[in-house]
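If you want the building blocks of each chain, they are given just below.
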Amino acid sequence: MDQFLNPFDHFNVPFGVWAERALEWIVGHSRSTLLAAKVPVQSFLEFVQGSLEAIPPLVGIIAMAVIGYILEGWRLALTGLVCLTLIGLMGTWQYAMTTLSIVIAAVTICVVFGLPIGILAARSDRFFRVLRPVLDLMQTIPSFVYLVPVVMLFGIGDTPGVIVTCFFAISPLIRLTNLGIREVREDLVEAARAFGASEARTLFGTQLPLARPSILAGLNQTVLLSLSMAVVASMISVAGLGRIVLEGIGRLDFGSATVGGLGIVLTAITVDRYVQALGAARSRTRMGA
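What comes next is a walk through the structure. Not measured: the values here are computed from a predicted model. Sequence order sets the numbering: in each chain, residues are counted from 1 along the sequence as written. Only residues with pLDDT of at least 70 are given local features in this predicted model, and only at 80 or more are side-chain atom pairs given and counted; all residues enter the totals for whole chains, interfaces and linings. For side-chain calculations, the full set of non-hydrogen atoms in the structure is used, while hydrogens and water are omitted.

**Examining the overall build of the protein chain**
Alright, step 1. Labels follow the DSSP assignment, with helices taken as runs of H or I lasting at least four residues and strands as runs of E lasting at least two, numbered in each case from the N terminus. A count of helical and extended segments in the protein chain gives 14 helices and 0 strands.
Alright, step 2. Reading the protein chain from its N end, one meets helices and strands in the order α-α-α-α-α-α-α-α-α-α-α-α-α-α.
Alright, step 3. Across its three principal directions, the C-alpha atoms of the protein chain cover 75 × 60 × 40 Å.
Alright, step 4. Residue exposure (1.4 Å probe, protein chains only): buried if accessible area is under 20% of the type maximum, exposed if over 50%, otherwise partly exposed. Relative to its 289 residues, the protein chain shows a buried fraction of 41%.
Alright, step 5. Throughout, a contact is declared for two residues whenever any of their heavy atoms are within 4.5 Å. Across the protein chain, contacts joining residues at least 24 apart in sequence account for 78% of those joining residues at least 6 apart.
Alright, step 6. Only the protein chains shown count as covering a residue, and every accessible area follows the Shrake-Rupley method with a 1.4 Å probe. If you sum the accessible surface of the protein chain, you get close to 16,300 Å²; carbon and sulfur atoms cover 69% of it.
Alright, step 7. Neither His nor the chain termini are counted; the positive set is Lys and Arg, and the negative set is Asp and Glu. Here the site of a charge means NZ on Lys, CZ on Arg, CG on Asp, or CD on Glu. Across the protein chain, the mean location of the 20 positive side-chain charges is 9 Å away from that of the 18 negative side-chain charges.

This is the structure in structure tokens:
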């Protein structure tokens, strides 16, 4: 009777064993390929990080203020000026540049892979039906779970941090690119084709420009998710502001954790405002043309 009422105490499926064996098989048969795939990511990250760290703080603050004024006026310039100045005053400038370099590298890779996948999903219902459960799974898996396979496959450090950030943050960009293209009015697409536009011309000249707001919303979500991964990724020895937070929590140092957390918030505000302003500026430029 007890066996009937509590079957799971006597029968279970060894999913954990299967997962471990699958990961061991992948590592054993694809180790060289994985290490080769890690090299371009590491090179790009080192280039971005070296470029940002080479900029003197005062020059960086002034440059961001000028860019903000060009994009949206004095309010954005003041936002960038205040946020970056506070980051510098807290003594976290170098850590913020490291975090920003990881975010820039991850977002760039997400755009390179996410946009084509989103476009392909919008143009093929069959592909989207296959892709949709994968995206659902990627968005529902807790961020900590991503760390285990990435560490097993790529090790620890900043480069694996970029890779795990890409896996965690790419889904919104794919989804909203697909959604934006699908929501373009069919009569506009048919009109472009009626005037002799090829499929490529219709995509790049009609569908993508009209889907720009949705794509930019996806890009903005990808950026924010990349920043939110900063603290989690610090658990696999990723440098930056997340490490300050993690070390502060580990030592019960409230002040250090607060400084790191506030640095992440200020960095997120700056990046979010500038990404939105960049999208709005491009839209105005296109409308003016």
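**Re the packing of aromatic side chains**
Alright, step 1. Stacked, edge-to-face and tilted are the three classes for Phe, Tyr and Trp ring pairs, Trp counted by its six-membered ring, which pair at centre distances within 6.5 Å; planes under 30 degrees apart are stacked, over 60 edge-to-face, the rest tilted. Per the stated rule, a full pass over the model turns up 1 aromatic pair.
Alright, step 2. Judged by centre distance (6.0 Å) and plane angle (80°), the rings of tyrosine 146 and phenylalanine 168 are edge-to-face. Within this pair, whereas tyrosine 146 is found in helix α7 (residues 143-154), its partner phenylalanine 168 is found in helix α8 (residues 158-169), the two being separated by 22 residues in sequence. There is no split in this pair, since tyrosine 146 and phenylalanine 168 are both buried.
Alright, step 3. In our convention, an over-ring charge means Lys NZ or Arg CZ found within 6 Å of a ring centre and within 35 degrees of that ring's normal. For arginine 182, the ring lying beneath its charged end belongs to phenylalanine 128, and the centroid distance is 5.2 Å.

**Concerning a nonpolar patch on the surface**
Alright, step 1. Together, Tyr69, Trp74, Leu78, Leu81, Val82, Leu86 and Leu89 give the surface a local cluster of nonpolar side chains, amounting to about 740 Å² of exposed area.
Alright, step 2. When residues in the nonpolar patch are grouped by element, the largest group, 6 residues, is from helix α4 (residues 74-89).
Alright, step 3. With respect to the element layout, tryptophan 74 can be found in helix α4.
Alright, step 4. Classification of tryptophan 74 as exposed rests on a relative accessible area of 56%. A patch consists of residues exposed above 30% relative accessible area that lack any salt bridge, with like charges linked at up to 9 Å and nonpolar side chains (Val, Leu, Ile, Met, Phe, Trp, Tyr) linked at up to 5 Å. Think of a salt bridge as a Lys or Arg side-chain nitrogen and an Asp or Glu carboxyl oxygen that are within 4 Å of each other.

**Here's the deal with α7**
Alright, step 1. By this rule the span expected of a helix is its residue count minus one, scaled by 1.5 Å. Across its 12 residues, α7 extends 17 Å between first and last C-alpha, which sits within 8% of the 16 Å expected from 1.5 Å per residue.
Alright, step 2. Every buried residue belonging to α7 is among Ser143, Tyr146, Leu147, Val150, Leu153 and Phe154, and all of these are buried. The arc that holds every buried residue of α7, seen down its axis, measures 145°, which confines them to one face.
Alright, step 3. Elements that come into contact with the buried residues of α7 comprise α2 (15-53), α6 (125-140), α8 and α12 (212-233).
Alright, step 4. Residue glycine 155 follows α7 closely and has a positive phi angle near 90°. When we speak of the arc, we mean the arc of directions from the helix axis to the C-beta atoms.

**Description of the packing of helix α5 (residues 93-123) against α6**
Alright, step 1. What counts as an axis is a line fitted to C-alpha atoms, over the stretch in contact for a helix, and the angles between N-to-C directions run from 0 to 180 degrees. Look at α5 against α6: their axes get within 5 Å of each other, and the N-to-C directions meet at 120°. One element, α5, and the other, α6, form an angle in the oblique class. Within the contact between the two elements, α5 uses Ile117, Leu120, Ala121 and Arg123 and α6 uses Asp125, Phe127, Phe128 and Leu131.
Alright, step 2. Gly is put with the polar residues, along with every residue not named as nonpolar or charged; the nonpolar set is Ala, Val, Leu, Ile, Met, Phe, Trp, Tyr, Cys and Pro, and the charged set is Asp, Glu, Lys and Arg. Of the residues assigned to the contact of α5 with α6, the class counts are 6 nonpolar, no polar and 2 charged. Any angle from 65 to 115 degrees is called roughly perpendicular, while one under 35 is roughly parallel, one over 145 is roughly antiparallel, and all others are oblique.

**Quick notes on unusual backbone geometry**
Alright, step 1. One non-glycine residue with positive phi stands out, namely serine 237, at about 65°.
Alright, step 2. Within the secondary structure, serine 237 sits in the loop between α12 and α13 (241-250).
Alright, step 3. A relative accessible area of 34% places serine 237 in the partly exposed class.

**Considerations on the pattern of salt bridges**
Side chains that differ in sign of charge can pair as their charged atoms come close.
Alright, step 1. What the rule picks out here adds up to 9 salt bridges.
Alright, step 2. When the shortest N-O distance is used, the salt bridge between arginine 123 and glutamate 199 registers 2.7 Å. Residue arginine 123 is located in helix α5, and its partner glutamate 199 is located in helix α11 (residues 199-210); the two are separated by 76 residues in the primary sequence.
Alright, step 3. Note that arginine 182 is salt-bridged to aspartate 125, the shortest N-O span being 2.9 Å. Residue arginine 182 is found in helix α9 (residues 171-182), and its partner aspartate 125 is found in helix α6; the two are separated by 57 residues along the sequence.
Alright, step 4. By relative accessible area, arginine 182 is classed as partly exposed at 36%.
Alright, step 5. Salt bridges linked by common partners bring Arg123, Glu190, Arg193 and Glu199 together as one network.

Bear in mind that shape data such as this cannot, by itself, settle questions of function.
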